[in-house]
Amino acid sequence: MRSRRIGYQSGFGNTFSTEAVKGALPIGRNSPQRAPLGLYAEVLSGSAFTAPRAENQSTWLYKLRPSAMHGPYRRLKDALLRSGPFDEVETPPNRLRWDPFPLPSRPTDFLQGLITIAGSGEPAAQAGVAVHIYRANRAMKDRCFWNADGELMFVPQQGSIRLLTELGLLEAGPGEIAVVPRGMKFKLAVEGPVRGYLCENYGAPFRLPELGPIGSQGLAQARDFQAPMAAFEEGGKCQVVAKFMGALWATEQSHSPLDVVAWHGDYVPYKYDLARFMAIGTISFDHADPSLFTVLTSPSGQAGVANCDFVIFPPRWLVAENTFRPPWFHRNVMSELMGLVRGVYDAKAEGFLPGGVSIHNCMSAHGPDLATYAKASEMELKPQKIEDTLAFMWESRFVFRPTRFALGAPQLQKDYDRVWDGFRKNRR
C-alpha cells in the first residue's frame with residue numbers, strides 16, 4: 001500500500017483526518033464540485049442519518065474510483081461459515097468446551113479458514129452475534145472482503161495479522177484486538193500460520209462502557225485505541241467477496257477497492273493493546289462481578305443489558321482477605337462464550353487450552369473445577385499476582401447456539417461435565 005507514512009492516530013470515537021498524498025483532503029467542504037487530485041468523494045455511513053449525535057458515525061473517503069464501479073455479485077459456497085438464526089441443530093443446555101482447532105495443512109487464506117462455532121440473533125434484525133475461529137497460512141491475494149451483516153472483532157491467539165483496510169493498515173498480534181466496521185473492505189495478510197477468535201457483531205457498534213462511580217479513569221482509556229493513517233493500493237484485478245444476509249457473494253473488479261487516498265470521519269477500524277487495560281478489583285473482600293473487566297460493549301437497547309460485552313481476564317493482583325478468590329459458582333441469565341489467548345484461566349486448573357472455546361449458556365451452572373476449588377479453599381491468603389495469562393469472554397443477553405459442525409467436531413470435549421465431579425458434602 002502507498003502512504004505518506006505508516007502509523008496510527010490515537011483515540012476512540014474521535015473525528016480523524018488523514019491523507020496519503022498531500023493535498024488530497026478538501027478543505028471547508030466534504031464534496032466539492034471537483035475533489036482534489038481528481039479523486040472521487042464518497043461517504044461511508046455506519047449509522048442512520050438521523051441517529052443521535054453521540055451515536056452517529058460516518059467517514060468521507062476520497063478514492064481513485066467510486067465504490068459503485070462493479071458488476072453483479074454471484075453466490076459463493078459458505079463452507080463452514082454460518083449465520084443467524086442458528087437453527088440448523090437443537091441447542092442443548094449443556095456446558096460445552098472445545099480443544100483448539102488445528103491450523104490448516106494446505107494453503108488457506110482468512111476466508112477459506114473460517115469456522116463458525118456458535119451465534120445468536122440474525123443479521124436482518126441487526127441483533128445478536130456470531131463467533132468464529134479464523135485460521136490462515138497465506139495472505140488474501142487479489143481479493144478482499146466486506147461484511148454487511150456486522151462489524152468484526154479480531155482476537156489473535158497465535159501469530160500476528162495485518163489488516164489492509166480501506167482506511168489504512170492495522171497490525172495486531174496475541175494480546176491485542178482489532179475491529180473492522182460493518183461494510184468496510186479489507187484483506188488480511190500473514191507471514192506464517194495464524195489462528196484466533198472472531199466476533200461478528202450484528203448489533204450496535206462496540207463502544208466504551210459507562211464508568212459510573214469508577215469515575216473518569218479506569219478500564220480501557222480512549223487514548224490507547226489506535227486508528228490507521230491513510231494508505232491505498234493501485235493494484236489490478238481483485239475479487240471482492242461480500243457477506244450479506246448470512247451468505248457469501250463475490251464480484252470481480254479491474255482494480256483494488258482499497259484505493260482511498262484520504263479520509264476524515266469517525267467510522268474507522270481500530271486496534272487496542274489489552275495490556276493497557278486498567279484492571280480494577282477489590283482491595284478488601286469478596287470477588288466483584290466480571291463486568292468490572294469490560295473493555296467494550298455493544299448495547300441492546302435495554303439499559304445495562306448488552307447485545308455483547310467484550311470482557312478480559314488479564315494479569316492482575318489478588319489481595320482480598322477471607323475470600324474465595326477465583327470466580328464463584330454461578331448461574332447467569334446472560335450467556336457466556338470464553339476463549340484463552342495464553343496461559344491458564346484461574347477458574348480452570350486444566351483442560352481449557354489456549355485457542356480453545358467454552359460456552360456456558362443462560363442459567364447453566366458453572367464455576368471453578370474441583371482442583372481449583374480445593375486449592376483456593378486452603379491456600380494462604382497473601383497478595384498474589386496472576387501472571388502470564390489472558391482469557392476473555394463475549395457475554396450476551398442472547399443464547400449462543402452452536403453450529404452443527406461445532407457440536408460434531410472431534411475437538412468437542414465429551415467429558416467436560418466431569419470437571420465438577422467429586423465435590424463432597426462438607427457440612428459438619
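**Digging into the pairing of strand β27 (residues 390-396)**
The element β27 is largely enclosed, with a buried count of seven among its seven residues. With burial as the criterion, each face of β27 is covered, one bearing Leu 390, Phe 392, Trp 394 and Ser 396 and the other bearing Ala 391, Met 393 and Glu 395. Pairing of strand β24 (residues 335-342) with β27, which is carried by seven bridges, proceeds in the antiparallel orientation. Following the sheet pairing, Gly 339 is matched in β27 by Phe 392.

**Topic: the nonpolar core**
Membership of the largest hydrophobic core comes to 50 residues, with the highest contact counts inside it found for Met 153, Phe 310 and Trp 394. If we skip the residues at most four places from it in the chain, Phe 310 touches Met 153, Val 155, Ile 177, Leu 274, Phe 293, Thr 294, Val 295, Leu 296, Phe 392, Met 393 and Trp 394. Residues Leu 167, Val 194, Leu 198 and Ala 250 belong to the second largest nonpolar core, which totals 44 residues.

**Here we look at the side chain of Glu 395**
With respect to the helices and strands, the residue Glu 395 is situated in strand β27. The charged side chain of Glu 395 is buried without a salt bridge, its nearest counter-charge being Arg 397 at 11 Å. A polar contact is formed between the side chain of Glu 395 and the side chain of Asn 332, at a distance of 3.1 Å. For Glu 395, the residues in contact, after removing those within four places along its chain, are Asn 307, Cys 308, Asp 309, Asn 332, Met 334, Ser 335 and Glu 336.

**Remarks on a nonpolar patch on the surface**
There is a patch of nonpolar side chains on the surface, built from Phe 244, Met 245 and Trp 249 and spanning about 320 Å² of accessible area. Mapped onto the fold, Trp 249 is located in strand β18 (residues 247-253). Classification of Trp 249 as partly exposed rests on a relative accessible area of 30%.

**Considering the environment of Pro 299**
Within the fold, Pro 299 resides in strand β21 (residues 294-302). The spacing of Pro 299 and Ala 204 is 95 residues in sequence and 6.2 Å in space, taken between C-alpha atoms. In contact with Pro 299, not counting residues within four places along its chain, are Ala 204, Pro 205, Arg 207 and Asn 307.

**Quick word on the side chain of Arg 182**
Within the fold, Arg 182 resides in the loop between β13 (176-180) and β14 (186-189). For Arg 182, which is buried and forms no salt bridge, the nearest opposite charge comes from Asp 149, at a distance of 5.9 Å. Within the structure, the side chain of Arg 182 is placed 3.1 Å from the backbone oxygen of Ala 148, a separation counted as a polar contact.

**Some points on the sheet that holds strand β8 (residues 129-136)**
For sheets, the rule is that strands pair by backbone hydrogen bonds, running either parallel or antiparallel. If you walk across this open sheet you meet the nine strands as β1-β16-β20-β13-β10-β15-β8-β7-β28, and the pairing is antiparallel. Among the strands making up the open sheet, the edge pair consists of β1 (8-10) and β28 (401-402). Note that strand β10 (residues 151-158) and strand β15 (residues 194-201) share seven bridges and pair antiparallel. Bridge pairing links Gln 158 to Arg 195 in β15.

**Quick notes on the environment of Val 89**
Tracing the sequence through the fold places Val 89 in the loop between β5 (74-75) and β6 (96-98). On the accessibility criterion, Val 89 (21% relative accessible area) is partly exposed. Expressed as a C-alpha distance, the spacing of Val 89 and Gly 408, which sit 319 residues apart in the sequence, is 11 Å. Apart from residues lying up to four places away in sequence, Val 89 is in contact with Pro 402, Thr 403, Arg 404 and Leu 407.

The rules behind these values
- Residues numbered from 1 in each chain as written.
- Predicted model: local features only at pLDDT ≥ 70, side-chain atom pairs only at ≥ 80, totals over all residues.
- Heavy atoms only, no water.
- Buried < 20%, exposed > 50% of the residue type's maximum accessible area, 1.4 Å probe, protein only.
- Helix = DSSP H or I, 4+ residues; strand = E, 2+ residues; numbered from the N terminus.
- Pairing = 2+ DSSP bridges.
- Core = buried A, V, L, I, M, F, W, Y, C linked by side-chain atoms within 4.5 Å.
- Contact = heavy atoms within 4.5 Å.
- Lys, Arg positive; Asp, Glu negative; His and termini not counted.
- Salt bridge = Lys/Arg side-chain N within 4 Å of Asp/Glu carboxyl O.
- Polar contact = N/O pair within 3.5 Å; in protein donor to acceptor, adjacent residues only side chain to side chain.
- Patch = residues over 30% accessible without salt bridge, like charges linked within 9 Å, V, L, I, M, F, W, Y side chains within 5 Å.
- Areas by Shrake-Rupley, 256 points an atom, 1.4 Å probe, with all protein chains shown as cover.

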